[in-house]
Structures are given as structure tokens and as C-alpha cells.
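# Residue-level structure breakdown
One-letter residues, chain by chain:
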Amino acid sequence: MGSTKGPFGSCEKIVSQMKRLFLVILFSTQLFLSFSQHKITKQDSLRGFLSKERKCFDVKFYDLSVFVDINKQFISGNTIIYFSATEDFDLFQLDLDSEMAISKITDAKDSNITYSRNENTIYVRFREVQKKGINSFIKIYYQGEPHKAINPPWDGGFIWTLDSLNRPWVAVSCEGVGASLWWPCKDHPSDEPDSVRMRFEVPEQLFCASNGNLISTTTTQHKTKIYEWFVHYPINIYNVTLNIGYYVTFSDTYKRNDDTSLALDYYVLSYNKEKAVKHFQQVKSLLECYEKLFGKYPFEKDGYAIIEAPYWGMEHQSGIAYGNRFLNNMLGRDYIIVHESGHEWWGNYVSCADHADLWIHEAFTTYGETLLVEYFYGKATAEKYLQNQKKSIKNKEVIIGPYGVNYHYWKDSDMYFKGAWMLHTLRSSLDNDSLWFALLIGIQNNFG
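Counting starts from 1 at the beginning of each chain's written sequence and moves along it residue by residue. In view of the model being predicted, local features appear only for residues whose pLDDT reaches at least 70, and side-chain atom pairs are presented and counted only at 80 or more, with totals across whole chains, interfaces and linings using the full set of residues. Only hydrogens and water are set aside when side-chain values are computed; all heavy atoms of the structure are taken into account.

## Examining helix α9 (residues 414-430)
Every helix listed is a DSSP run of H or I at least four residues long, and every strand listed is a run of E at least two residues long, numbered separately from the N terminus. Expected span of a helix, by definition, is 1.5 Å for each gap between consecutive residues, and there is one gap fewer than residues. Helix length check: α9 (17 residues) gives 23 Å between terminal C-alpha atoms against 24 Å at 1.5 Å per residue, within 8%. The classification of residues rests on relative accessible area computed with a 1.4 Å probe and restricted to protein chains. Under 20% of the type maximum is buried, over 50% is exposed, and intermediate values are partly exposed. Taken together, the buried positions of α9 are Asp414, Met415, Phe417, Gly419, Ala420, Trp421, Leu423, His424, Leu426 and Arg427. Directly beyond the C-terminal end of α9, a positive phi value near 55° is found at aspartate 431.

Here it is in C-alpha cells:
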């Protein structure tokens, strides 16, 4: 790592040592923190704690098939969960919101297997012991009316709404509340599948956009279409998404100086295509900046995509949800594009293993905004950008939550803005930008 280059010069020191120093500094800050006094429920503990029934297996692949009944605001389908046993077991724990009913669960031999439920938790009892090292799968059939989001994306759930022409528009965002809000899974950030396949069946006149690559489109005899999407990389499963509407799509290409290129795909409501084609041109210079600062875009096979959504935004991997109405700030940049794109490196690639550490996603991404401002407009403008964010720091609670629970009760945005200031302070203390930027790339290389 001694020859690692940052955007402002070459680092000759040992980056691994600085990474250890960085982590020691962050860990030491926890000694002075006290957690929020918000009451933790039993369901929070079941979702956030790695019990023996969760540690005994590692999910390798999810295969989702979901029928979306827009008129009834109802979904049904099945999920196949492919796993590897990390120790001998005959009982393991999965997660699914209590509003979703299970029809049956079958094993790799297509035999029904027994299960029990504790609200949002499923305990699956296998007919025989799953030996350590075995690879197998189960299939869960389910249906129900998924929870509706009241204030997305901060309140997780489905969004059933209409576009400005009174046409159906459906989306989902579930950070915090988790992917198990609408499909059965091992809902813990420490266990990302190696890849995911998704099939969404929707009315034939509508388009369904999701993560990764669109593999196929099939029209059925029931006047529906099945859109099959595939994600080639590990993914934090709250990022798995669907977006249904009267979308049109257009594509572009980000060309690098080394003659490689990245596919850019955009999905917007039909009446917004003209403005979107112009507005999304800023993506290419943004990618140039972030690749210089953090390293190559992490999801090359899946490409980069923006999907228009009926809420402000969300970092859905390789399919960013965008709802900022094509507005730029005073610097001529769209805040949602800048922020959510930064999450492709910080949150989607380098991810936390416990909900308590979501600050890793948000602090690094928020400071990434400042670094982008510095890259294009200089340090003085970046300092002004930081000072403006400082006004939003509340200091009402810590930015690190309690470990081992599904903690999503933060009352303010300090993990964003206070976290960004913490990183800026660390950079200033190091007083060596070559080392600082090599450190950021080193984190990507070693923890992504």
C-alpha cells in the first residue's frame, strides 16, 4: 500500500498503520458516549442480535418472485434462500413482518417443513440436521398487505401513490425497518448475499425498475409482465427495491481516461424524460470525482442507475432512488444525486455489520459531499459548505447506537453532519492530505 496514490499526491507511509490509528481513534470516542434512552423492544433484539439460530448459516443467494396487485395494495410470491451451514443445526431464524402471512415452507427436496413465528421472527425446523459446510436452500411462500410508509424514506414501507397524470406509481424504501418488511430473509447487515435475482410481476402497461441488470421481460396471458433483474454483487438487503410506474428509460456512458467505461441507465416518468436527459449529465463529472477520491465504482457489472421515486431519495445499490424534482443547489449540483451516489462507496460497498454503526454510511457519505465541493470549487468553498452543515448539529444524542439490536430510533441527523465534522477534524489533525486520501482508498480496498 506504500505506493497508493491519493488525488493530491503519493503516500509513502504505510497506510495500514494509519488505518489502525484511525480505527483506534474512532473506538476511543465510544468510551465517552452514552446511548439513547429509547426503549428497545423484544423484536428489536430478535432482529439485531446474532443468536445461535442466526450464526449457524450464511446466506449465499436470494431468489425473489413477487406479484404486485396495485389495486388491492397487496403482494404475494415466494423467496428461495440459498445458504451454507457454518455449524451443525436443525433450527434457524429468519425474519418477515407480521403483516405478511406464510402459506408454506419447503426444503431442497420440495418437502414441507415446520416453522413457528414470534411476530416478525420465523423459526424454521429442518427435518434433519444441516451439517457444517453443507449448501442447501428453502423456499418460503407468502402474501399480505405490506406496511405503508407514512413519511418515506425516513419511515419505511411501501408507497402506493399516483404520478401527476393520476397514473399508478409504486415504490418501497425500508432502511431501518429492514427488507423483511416485504420479503422473508435473514435481516441483519452482517450477512450480505453474494448475489440476488428478482422477478416482479406487474400490470403489462407499467414498467418495473430495480437493482442491477434487467435480464428479461416476459408478457403473460394474464395481461401482466414479469421483469427479471439480477444483482451480481453482495448487497445490503435493505437496498433491494422495486419501482413501478409509467417509466421511460434512456442510457449514457461514463468514459474513463483509461479507455474503460461504465454503463449509466436512467428510469424516469414519461413526462420528465427531456429534463432528466439534461439534468443527469452531471453524473459523469460526479463519478470522475468520486472515483478519484475513493477508487473505481464498485459495481461495474451492474452499472450505475438512477430511478425516479415518489420520495426524496435512497441509496439503493446500482439503482438509486431519486425524487428531488431535478433541482440543483447554488453550486449547480443536485444534492440527492451527490449524496446517494456517494453511498455506492460508503454504505453499499463499505458497510457496517451492526445497525449501531450506520454512522459509517452517513458520515463518510456526507463528508464525501464536502470533498466533492473541494474537488470542483476549492477548499474555501468546501469550508463554507461544512460551516453551513454545522448549523444542523444538535448534540442531543450519540451517533453510535447500542449493539446487538435493530436500532433505528435516532432523533436527529448528527450521524450525518457531526460525523462529517469528526472526519474533517481527523483529517486536519493528520495534516497530511496525501496520507488522508490514501487512507480513504485503503479503507475501500480492504473493507469493501
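Next comes the rest of the description.
## Examining unusual backbone geometry
The omega torsion across proline 152 and proline 153 is 5°, close enough to zero to call that bond cis. In this structure, proline 153 sits in the loop between β9 (135-144) and β10 (157-162). In this structure, glutamine 73 takes a positive phi of about 50° despite not being glycine. Structurally, glutamine 73 is set in the loop between β3 (57-69) and β4 (74-85). For lysine 223, which is not a glycine, the phi torsion comes out positive at approximately 60°. Relative to the assigned elements, lysine 223 resides in the loop between β14 (213-219) and β15 (224-231).

## What about the environment of asparagine 239?
One can find asparagine 239 in the loop between β15 and β16 (243-245). Take asparagine 239: its relative accessible area is 0%, and that puts it in the buried class. Each C-alpha atom, one on asparagine 239 and one on asparagine 135, is 25 Å from the other, the two residues being 104 residues apart in sequence. Contacts are assigned to residue pairs with any non-hydrogen atoms lying within 4.5 Å of each other. For asparagine 239, the residues in contact, after removing those within four places along its chain, are Asn211, Glu315, His316, Gln317 and Asn348.

## A closer look at the pairing of strand β8 (residues 121-130)
On a regular strand, one side chain projects to one face of the sheet and the next to the other, so that they alternate. Strand direction decides the pairing type here: strand β5 (residues 89-95) and β8, joined by six bridges, are antiparallel. If you follow leucine 94 over to β8, its bridge partner there is isoleucine 122. The criterion for strand pairing is that DSSP finds at least two bridges linking the strands in question. Alignment of strand β7 (residues 114-118) against β8, held across five bridges, turns out to be antiparallel. In the strand pairing of β8, threonine 114 is matched with arginine 125. Between β7 and β8, which pair antiparallel and follow one another directly, the connecting turn spans two residues, one of which, glutamate 119, has a positive phi of 55°.

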